[in-house]
Amino acid sequence: MENQGSMPYASDGEQKYSQSDDTDNNNDELGNDAEGVWSPDIEQSFQEALAIYPPCGRRKIILSDEGKMYGRNELIARYIKLRTGKTRSRKQVSSHIQVLARRKSKEIQSQLKDQASKDKALQSMAAMSSAQIVSASAIHNKALAHGLGNLPPPHIRPAYGISAPPTFWQPGLPPPQDIKPYVSGPPPPSFGQSMDQKTATSISGDHPSAPPWQDRSIAGPKLRLVEFTCFVEQQREPEQFHKHLFVHIGNTASYADPPLEAVDIRQIYDKFPEKKGGLKELYDKGPQSAFFLVKFWADLSTNVQDDSGAFYGVTSQYESAESMTIQVSTKVCSFGKQVVEKVETEYPRFENGRHVYRIHRSPMCEYMINFIHKLKHLPEKYMMNSVLENFTILQVVSNRETQETLICKAYVFEVSTSEHGAQHHIYKLVKD
């Protein structure tokens with residue numbers, strides 16, 4: 001067994017880590033600023049919306065619970081209306097952003113003493129839109145104010161062309177209505193095992209020959225995910241343990257579930273590493289039916305106080321009709337760059353006619369534990385979501401001998417606001 005460092009392992013497999021231009025004066029600005037009517041409550045909601053909705057150029061955002069497409073300024077105006085009951089138009093929002101960008105530009109210039117620094121700052125801001133200048137400042141200031149000053153500088157998204165597809169990303173919004181919390185139920189047939197024809201017909205009304213999890217859950221041609229859980233556990237009494245689930249994917253697929261929705265993989269390329277072994281290269285290599293996107297609404301509402309006795313862990317289980325040695329690479333990414341990678345090796349156990357791969361209570365890395373702690377200390381959920389907008393995880397399961405990709409999962413996150421706790425939605429990744 002390979003073990004780097006002193007960290008214990010509960011799994012039978014192997015694990016390792018690696019660290020990877022305007023001249024208006026201020027009075028003119030105030031006079032032209034959408035009639036000058038931005039009261040404190042509106043301004044506060046406006047600043048909140050700036051942090052929630054990053055600049056997206058001409059790209060539109062779809063709210064899946066409404067089925068409508070919105071531009072960023074429309075979303076900000078909508079947010080102000082929901083928070084304050086007061087109406088601001090898209091054009092008023094646009095005007096206000098331009099005013100604040102001019103003010104910010106002048107403020108930065110006034111703080112710089114030498115001309116060379118001023119010229120460099122002007123050159124940098126010239127390449128940014130007003131929305132990018134204002135939003136970068138809003139998000140970064142909130143992060144600094146709440147103990148996340150060691151995060152990278154605010155990520156400025158490129159302006160997508162008008163023909164770009166709409167994004168699935170919905171920062172700061174509640175989960176769509178079709179997201180359901182995990183509900184336990186009878187397990188579906190195992191990998192490679194078909195349902196009784198009569199039973200299948202009574203459930204679906206047609207005559208499916210495929211098992212219920214096919215096209216409805218995370219399953220590649222040779223391997224499928226049965227369970228994935230991230231948790232913290234703490235001993236309260238000598239014989240009593242408290243376990244809290246941050247995220248969870250269960251074995252609950254049924255014929256009543258709709259097939260997985262598709263998302264164009266090009267929409268998320270900038271959220272994951274682009275170098276050798278990155279998401280694009282892996283997808284081009286295939287098999288493309290093994291690539292999935294999971295949107296998690298993580299439950300951070302744990303009341304674990306004393307972390308000295310807390311165990312942070314990850315449990316996952318896969319199954320296959322084939323016997324092989326699998327390798328699981330988990331890359332934690334910030335602003336599209338890999339921060340840390342964990343690699344685990346797992347061997348099959350033959351159970352009930354299929355080969356099971358169980359990685360049980362694998363210790364969470366220190367980076368993730370510290371990240372969760374910092375995130376939990378932010379006072380508002382919209383601030384947490386602003387940070388999570390640029391936090392992703394890429395998990396690749398491959399055949400250790402052949403290096404064939406068996407399953408690739410791209411994870412993106414928001415904070416759950418549901419009383420049901422952690423939730424998720426699975427998409428298949430395509431390139432149309």
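Residues numbered from 1 in each chain as written. Predicted model: local features only at pLDDT ≥ 70, side-chain atom pairs only at ≥ 80, totals over all residues. Heavy atoms only, no water.

Q: Teacher, can you tell me more about unusual backbone geometry here?
A: Residues other than glycine predominantly adopt negative phi, and peptide bonds predominantly adopt the trans conformation. Residue Pro287 is bonded to the preceding Gly286 through a cis peptide linkage, with omega at 0°. With phi around 70°, Asp215 is a residue other than glycine that occupies positive phi space. Structurally, the position occupied by Asp215 is in the loop between helix H7 (197–204) and strand S4 (224–237). A residue is classified by how much of its surface remains accessible, and Asp215, at 54% relative accessible area, is exposed. Positive phi values are uncommon outside glycine, yet Arg361 reaches one of about 55°. Tracing the backbone through its elements, the reader meets Arg361 in strand S12 (residues 354–363). (Helix = DSSP H or I, 4+ residues; strand = E, 2+ residues; numbered from the N terminus. Buried < 20%, exposed > 50% of the residue type's maximum accessible area, 1.4 Å probe, protein only.)

Q: Got a minute to help me understand the pairing of strand S13 (residues 391–399) in this structure?
A: A regular strand places its side chains so that they alternate between the two faces of the sheet. Of all nine residues in S13, nine are buried, a share of seventy percent or more. Residue alternation in S13 divides its side chains into two sets, Phe391, Ile393, Gln395, Val397 and Asn399 and Thr392, Leu394, Val396 and Ser398, and both sets are buried. Between S13 and strand S14 (residues 405–415), which follow one another and run antiparallel, lie five residues, and Gln403 among them has a positive phi close to 65°. (Pairing = 2+ DSSP bridges.)

Q: Could you clarify how one ought to interpret the sheet that holds S12 in this entry?
A: Sheets are built from strands paired through backbone hydrogen bonds, the pairs being either parallel or antiparallel. Spatially, five strands are ordered S5-S4-S8-S12-S11 in an open sheet, and the strand pairing comes out antiparallel. The open sheet has two edge strands, strand S5 (240–249) and strand S11 (349–351), and neither has a second partner. Across this sheet, the average inter-strand angle for adjacent strands is 30°, counted without regard to direction. Bridging between S11 and S12 involves three bridges; their strand directions are antiparallel. Across the sheet, residue Phe350 finds its bridge partner in S12, namely His355. (Axes fitted to C-alpha atoms, helices over the stretch in contact; angles between N-to-C directions.)

Q: Please clarify how the packing of helix H9 (residues 366–376) against helix H10 (residues 381–388) should be interpreted in this entry.
A: Relative placement of two packed helices is described by the angle separating their axes and the distance separating the axes. The N-to-C vectors of H9 and H10 enclose an angle of 145°; their axes lie 9 Å apart at closest approach. Residues Phe371, Leu375 and Lys376 of H9 lie in contact with H10, whose contacting residues are Met384, Val387 and Leu388. Along the lines of polarity and charge, the residues of the contact of H9 with H10 split into five nonpolar, no polar and one charged. (Contact = heavy atoms within 4.5 Å. Nonpolar A, V, L, I, M, F, W, Y, C, P; charged D, E, K, R; others polar.)

Q: Explanation requested: the packing of aromatic side chains in the structure shown.
A: To describe a pair of aromatic rings, you give the distance between the ring centres and the angle between the ring planes. Under the criterion given, the structure shown has 11 aromatic pairs. Taking 6.4 Å as the distance between ring centres and 15° as the angle between the ring planes, the aromatic pair formed by Tyr367 and Phe371 counts as stacked. Taken as a pair, Tyr367 and Phe371 lie in helix H9 at a separation of four residues, close to a single helical turn. Take Tyr367: its relative accessible area is 26%, and that puts it in the partly exposed class. Judged by relative accessible area, Phe371 falls into the buried class, the value being 10%. Aromatic side chains Phe371 and Phe391 sit 4.3 Å apart centroid to centroid with 15° between the ring planes, which places their arrangement in the stacked category. Of this pair, Phe371 sits in helix H9 while Phe391 sits in strand S13, and the two are 20 residues apart along the sequence. Taking relative accessible area as the criterion, Phe391 reaches 4% and is therefore assigned buried. (Phe/Tyr/Trp six-rings, centres within 6.5 Å; stacked < 30°, edge-to-face > 60°.)

Q: Sorry, what's going on with the pattern of salt bridges here?
A: Between side chains of opposite charge, a pair can form as their charged atoms come close. According to the stated counting rule, one finds 15 salt bridges in the structure shown. The shortest N-O distance in the salt bridge between Arg83 and Glu48 comes to 3.1 Å. Taken together, the residues Arg83 in helix H3 (residues 72–84) and Glu48 in helix H2 (residues 40–52) connect sequence positions 35 residues apart. The buried category is assigned to Glu48, whose relative accessible area is 3%. Here the salt bridges do not stand alone but share partners, grouping Arg224, Glu319 and Arg354 into one network. (Salt bridge = Lys/Arg side-chain N within 4 Å of Asp/Glu carboxyl O.)

Q: Just checking my understanding: could you explain helix H4 (residues 90–111) for this structure?
A: Here H4 contains 22 residues, and its C-alpha end-to-end distance of 32 Å stays within 8% of the 32 Å for a straight helix at 1.5 Å per residue. When we look at burial in H4, the residues that qualify are Gln92, Val93, Ser95, His96, Ile97, Val99, Leu100, Ala101, Arg102 and Ser105. (Expected span 1.5 Å × (residues − 1).)

Q: Just to check I follow, could you spell out H2 for this structure?
A: Residues spaced three or four apart along an α-helix face the same direction, because each turn holds 3.6 residues. For H2, with 13 residues, the first-to-last C-alpha span of 18 Å sits near the 18 Å given by 1.5 Å per residue. By the burial criterion, the buried members of H2 are Ile42, Ser45, Phe46, Glu48, Ala49, Leu50, Ala51 and Ile52.

Q: I would appreciate a short explanation of the nonpolar core in the present structure.
A: The biggest cluster of nonpolar side chains holds 65 residues, and the ones touching the most others in it are Phe46, Ile76 and Phe228. Sequence-distant contacts of Phe228, defined by excluding residues within four places in its chain, comprise Val247, His248, Ile249, Phe296, Val314, Thr315, Ser316, Gln395 and Tyr411. Listed in part, the 19 residues of the second largest apolar core include Ile268, Leu282, Leu293 and Leu394. (Core = buried A, V, L, I, M, F, W, Y, C linked by side-chain atoms within 4.5 Å.)

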